[in-house]
Amino acid sequence: MPRKPTASDSSFIVKVSPRGASRLKDGHVWVYRSDIVSADGATPGSVVAVTDHRGQFLGSALYSSSSQIAIRMISHDVVADLPALLRQRVADAISYRQPFVHDTNAYRVIFSEADFLPGLIVDRYSDILSLQILTQAMDSEIVRSTVIAELTERLHPSSIVERVDPRVRQLEELPPRASGLLQGEKTSTVFNMNAVQFKFEALEGQKTGAFLDQRENYAAAVQYAHGEALDAFCYQGGFALHVAPGCAQVCGVDSSRPALEVAEQNAALNHAQLKDKDKEIEWIEANAFDLLKDYSSSGQRYDTIILDPPAFAKSKRDLDAALRGYKELNLRALKMLRPGGILVTCSCSYHVSFSEFIGMLADAARDARRNLRLIEARGQAKDHPILLNIPETAYLKCVVASVT
Ligand code: SAH
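First things first, this report covers the structure right here in the doc. (Residues numbered from 1 in each chain as written. Predicted model: local features only at pLDDT ≥ 70, side-chain atom pairs only at ≥ 80, totals over all residues. Heavy atoms only, no water.)

**Some thoughts on the sheet that holds strand 4 (residues 47-51)**
Part 1 of the reasoning: One open sheet accounts for six strands, arranged 2-6-5-4-1-3; its pairing is mixed. At either margin of the open sheet sits one strand with a lone partner, and together these are strand 2 (30-32) and strand 3 (36-38). Sheet twist, expressed as the average angle between the axes of neighbouring strands with direction ignored, equals 40°.
Part 2 of the reasoning: In this sheet, strand 4 lies alongside strand 1 (residues 13-16) in parallel orientation, the contact comprising three bridges. In the strand pairing of strand 4, Ile13 is matched with Ala49.
Part 3 of the reasoning: In the packing of helix 1 (residues 18-25) onto the sheet, the strands contacted are strand 1, strand 2, strand 4, strand 5 (57-63) and strand 6 (69-75), and the crossing angle to strand 2 comes to about 165°.
Part 4 of the reasoning: Running at roughly 75° to strand 6, helix 2 (residues 82-97) makes contact with strand 4 and strand 6 of the sheet. (Pairing = 2+ DSSP bridges. Helix = DSSP H or I, 4+ residues; strand = E, 2+ residues; numbered from the N terminus. Axes fitted to C-alpha atoms, helices over the stretch in contact; angles between N-to-C directions. Contact = heavy atoms within 4.5 Å.)

Following this line, the structure appears as structure tokens:
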């Protein structure tokens, strides 16, 4: 019979306050530093046994000595063999996706807490894996080598690169480290999503490369986009390239010249797919706020407008300003859409809830004196799982609406 775990099974014991304990009992996996009663000399990045203030065992966690999120739970049980647990979690993350991640060879393989591997993100771009480490525990040599070995055995990548966010390492008090190859030599490849091809440069670009979380929304947009289309905040052309075959004309706008250069190369990769071979997507380097303002006052009209701006609310404090920003953009877009037009509008700010986003859109529709009918309310692609007891894992909103 399995032995009932006790707190003494792990060398370090972290005691949490009643508030921290009730958060864990509610199914969340984080405890903030302010809810730590004692950490009993726990070392940076160690596996710790977590107890409530009475000493009752609550599970095992990964400890950070510097982050505001002091512990992230990793198991309800005692963790005697961390590498074995990590190998199993990596294998589980890969098989979890198999039934529903298709029409792509680029997807998120591991999404941190949502795959029970807090602090680890792995994206696949065809034969290259891109890895991000966000915590002290995941940065240890044993964790790195275990994860890399398991990923290699199961996915056989040509290479594995690490993308480093220097700010994260600073917050975790980890020594500076450069982005670079961890295994293999290949740093560029071509991947496809929904039969659209994209270039991938593992050591350039924002995030780890593309916005994989929009993959299913690209496919949704294709169903409704028509006529003259504008993709504001187009980055490397994710939406623009998807909708181009079904539209008469497409214009992609972004403030980043390097992103537009890749967008143009991506367009060339997909040229064969365009029915009208002379059709070219127009890429414009501009501030989308200014461009929408200028175009709407000069009477420019569209049949499809896609809005996918960067996160406006980085914290709860920014919420009001963020909602004003979203409203301004959406209001301008609504005024420029022809009757029967399609608005595809997104927010990747976790701090803006779905209902706040819909409320903002309703306000914008009222101010623009347009009727907006909701066709689809969507979120992030399924390879970015949402864990219901961890609200922070749900962040992307994508609304497809028809304007009259
Ligand atoms: N829709 C894209 C992702 C967009 S990410 C895709 O599916 O791949 C947000 C983009 O907005 C980034 O490319 C960034 O360069 C751009 N951006 C940020 N501020 C901007 C502004 N004021 N005007 C235009 N583009 C902006």
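Alright, that's what it looks like, and here's the rest.
**As for the sheet that holds strand 16 (residues 282-285)**
Part 1 of the reasoning: An order of 16-15-14-17-18-20-19 is seen for the seven strands of this open sheet, with the pairing classed as mixed. What marks the edges here is a single partner per strand, and that holds for strand 16 and strand 19 (372-378). Pairs of neighbouring strands in the sheet enclose a mean axial angle of 15°, with direction left out of account.
Part 2 of the reasoning: Both strand 19 and strand 20 (residues 397-403) contribute to a ladder of six bridges, which runs antiparallel. Paired with Ala377 across the two strands is Val399, which belongs to strand 20.
Part 3 of the reasoning: Along the sheet, helix 7 (residues 257-269) makes contact with strand 15 (249-254) and strand 16, crossing strand 16 at roughly 175°.
Part 4 of the reasoning: The strands touched by helix 8 (residues 288-297) are strand 14 (228-232), strand 15, strand 16 and strand 17 (302-307); relative to strand 14, the strand with the most contacts, the crossing angle is about 150°.

**A word on the nonpolar core**
Part 1 of the reasoning: Membership of the largest hydrophobic core comes to 37 residues, with the highest contact counts inside it found for Phe191, Val250, Trp283 and Val344.
Part 2 of the reasoning: Mapped onto this core, the elements with two or more residues apiece are strand 12 (188-193), strand 13 (196-201), helix 5 (215-224), helix 6 (238-243), helix 7, strand 18 (337-347) and strand 20.
Part 3 of the reasoning: Per-element tally for this core: the top contributor is helix 6, with four residues.
Part 4 of the reasoning: Shared between two domains, this core holds at least three residues of each, these being domain 2 (82-191) and domain 3 (211-403).
Part 5 of the reasoning: Not counting chain neighbours up to four residues away, the residues in contact with Trp283 comprise Cys234, Gly237, Ala240, Leu241, Gly252, Leu260, Ala263, Glu264 and Ala267.
Part 6 of the reasoning: Residues Ile284, Ala288, Leu329 and Ala401 belong to the second largest nonpolar core, which totals 35 residues. (Core = buried A, V, L, I, M, F, W, Y, C linked by side-chain atoms within 4.5 Å. Buried < 20%, exposed > 50% of the residue type's maximum accessible area, 1.4 Å probe, protein only. Domains from an automatic or database assignment.)

**Looking at the environment of Ala322**
Part 1 of the reasoning: Assignment of secondary structure puts Ala322 in helix 9 (residues 319-336).
Part 2 of the reasoning: On the accessibility criterion, Ala322 (2% relative accessible area) is buried.
Part 3 of the reasoning: The spacing of Ala322 and Ile133 is 189 residues in sequence and 28 Å in space, taken between C-alpha atoms.
Part 4 of the reasoning: Ala322 has contacts with Phe312, Ala313 and Val352, leaving out every residue within four places of it along the chain.

**Some words on empty space enclosed by the protein**
Part 1 of the reasoning: Inspection of every chain in the model, using the stated rule, returns two cavities of 30 Å³ or more.
Part 2 of the reasoning: Here the largest cavity defines a volume of roughly 50 Å³.
Part 3 of the reasoning: If you go around the largest cavity, the residues you meet are Gln132, Ile133, Leu134, Glu162, Arg163, Val164, Asp165, Val168 and Arg169.
Part 4 of the reasoning: Grouping the amino acids of the lining of the largest cavity by side-chain chemistry returns four nonpolar, one polar and four charged.
Part 5 of the reasoning: A volume near 40 Å³ is recorded for the second largest cavity.
Part 6 of the reasoning: Contributing to the lining of the second largest cavity are Leu62, Tyr63, Ser64, Ile69, Arg72, Pro118, Thr135 and Ala137.
Part 7 of the reasoning: The residue inventory of the lining of the second largest cavity, partitioned by class, reads five nonpolar, two polar and one charged.
Part 8 of the reasoning: Summarising the domain contributions, the lining of the second largest cavity has at least three residues from each of domain 1 (13-75) and domain 2 (82-191). (1 Å grid on protein atoms, 1.4 Å probe; cavity = no way out; pocket = protein on both sides within 12 Å on 5 of 7 lines; lining within 4 Å. Points joined across faces, edges and corners; volume = space filled by probe spheres on them. Nonpolar A, V, L, I, M, F, W, Y, C, P; charged D, E, K, R; others polar.)

**Focus on the packing of aromatic side chains**
Part 1 of the reasoning: Enumeration according to the criterion identifies 13 aromatic pairs in this entry.
Part 2 of the reasoning: Their ring planes at 15° and their centres at 5.4 Å tell us that Phe191 and Phe198 sit as a pair that is stacked. For the pair Phe191 and Phe198, one class covers both residues: buried.
Part 3 of the reasoning: Relative to Phe312, the ring of Phe289 lies with its centre 6.0 Å away and its plane at 40°, an arrangement referred to as tilted. Here Phe289, found in helix 8, pairs with Phe312, found in the loop between strand 17 and helix 9; they are 23 residues apart in sequence, far enough to count as distant.
Part 4 of the reasoning: On the basis of relative accessible area, Phe312 is assigned to the partly exposed category, the value being 22%. (Phe/Tyr/Trp six-rings, centres within 6.5 Å; stacked < 30°, edge-to-face > 60°.)

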